[in-house]
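Residue-level structural notes
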Amino acid sequence: MQLFEELCFQFPGRFTFRQYKTLLRRVNRWRKDARARGVVIGPKTYRRIRDKPRGRRADIFRDHWQEMTHYL
């Protein structure tokens, strides 16, 4: 699921949730075929989201926050 979500994030609008099971079947088939050829595939691991920042921009209100809270 995390691989599918990452693909959806990298290519917005290109994939639908209905394609998830097809991707899962193909990944599992690829893993099985690779093991049959003698390729060592480690356990499924997933990227931790907190290890890689995603598109967070700087706080645009930081310099003016005190003034804004004063007026609110």
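What this report covers is the structure whose coordinates are included nearby. (Residues numbered from 1 in each chain as written. Predicted model: local features only at pLDDT ≥ 70, side-chain atom pairs only at ≥ 80, totals over all residues. Heavy atoms only, no water.)

1. A word on a nonpolar patch on the surface
Stated precisely, the cut-off is as follows: Within the patch definition used here, like charges are joined within 9 Å and nonpolar side chains (Val, Leu, Ile, Met, Phe, Trp, Tyr) within 5 Å, considering only residues with over 30% relative accessible area and no salt bridge. Here the open area of atoms and residues is found with the Shrake-Rupley method and a 1.4 Å probe, where only the protein chains shown may cover a residue. When a carboxyl oxygen of Asp or Glu lies within 4 Å of a side-chain nitrogen of Lys or Arg, that pair is called a salt bridge. Only DSSP runs of H or I with at least four residues qualify as helices, and only runs of E with at least two residues qualify as strands; both kinds are numbered from the N terminus onward. When a residue's accessible area, from a 1.4 Å probe over protein chains only, is under 20% of the maximum for its type it is buried; when over 50% it is exposed; and in between it is partly exposed.
Residues Ile 60, Phe 61 and Trp 65 make up a contiguous nonpolar surface patch of roughly 330 Å² in combined accessible area. Within the element layout of this structure, Trp 65 appears in helix H3 (residues 65–71). Judged by its relative accessible area of 46%, Trp 65 falls in the partly exposed class.

2. Quick word on the packing of aromatic side chains
Note the cut-off: Only centres within 6.5 Å qualify two rings of Phe, Tyr or Trp (six-membered ring in Trp) as a pair; their planes then separate them into stacked at under 30 degrees, edge-to-face at over 60, and tilted for everything else. Should the NZ of a Lys or the CZ of an Arg lie within 6 Å of a ring centre and within 35 degrees of the ring normal, that charge is described as sitting over the ring.
Applying the stated criterion across every chain yields a total of four aromatic pairs. Each ring, one from Phe 4 and one from Phe 17, has its centre 6.4 Å from the other, and the planes form 75°; the classification is edge-to-face. Pair noted here: Phe 4 is in helix H1 (residues 2–10) and Phe 17 is in the loop between H1 and helix H2 (20–36), with a separation of 13 residues, a long-range link. Judged by its relative accessible area of 5%, Phe 4 is buried. When the centroid spacing of 5.9 Å and the interplanar angle of 10° are considered together, the rings of Phe 17 and Tyr 20 count as stacked. Through successive ring pairs, a cluster of aromatic residues spans Phe 4, Phe 15, Phe 17 and Tyr 20. Stacked on the ring of Phe 11, the Lys or Arg Arg 14 has its end atom at 5.5 Å from the ring centre.

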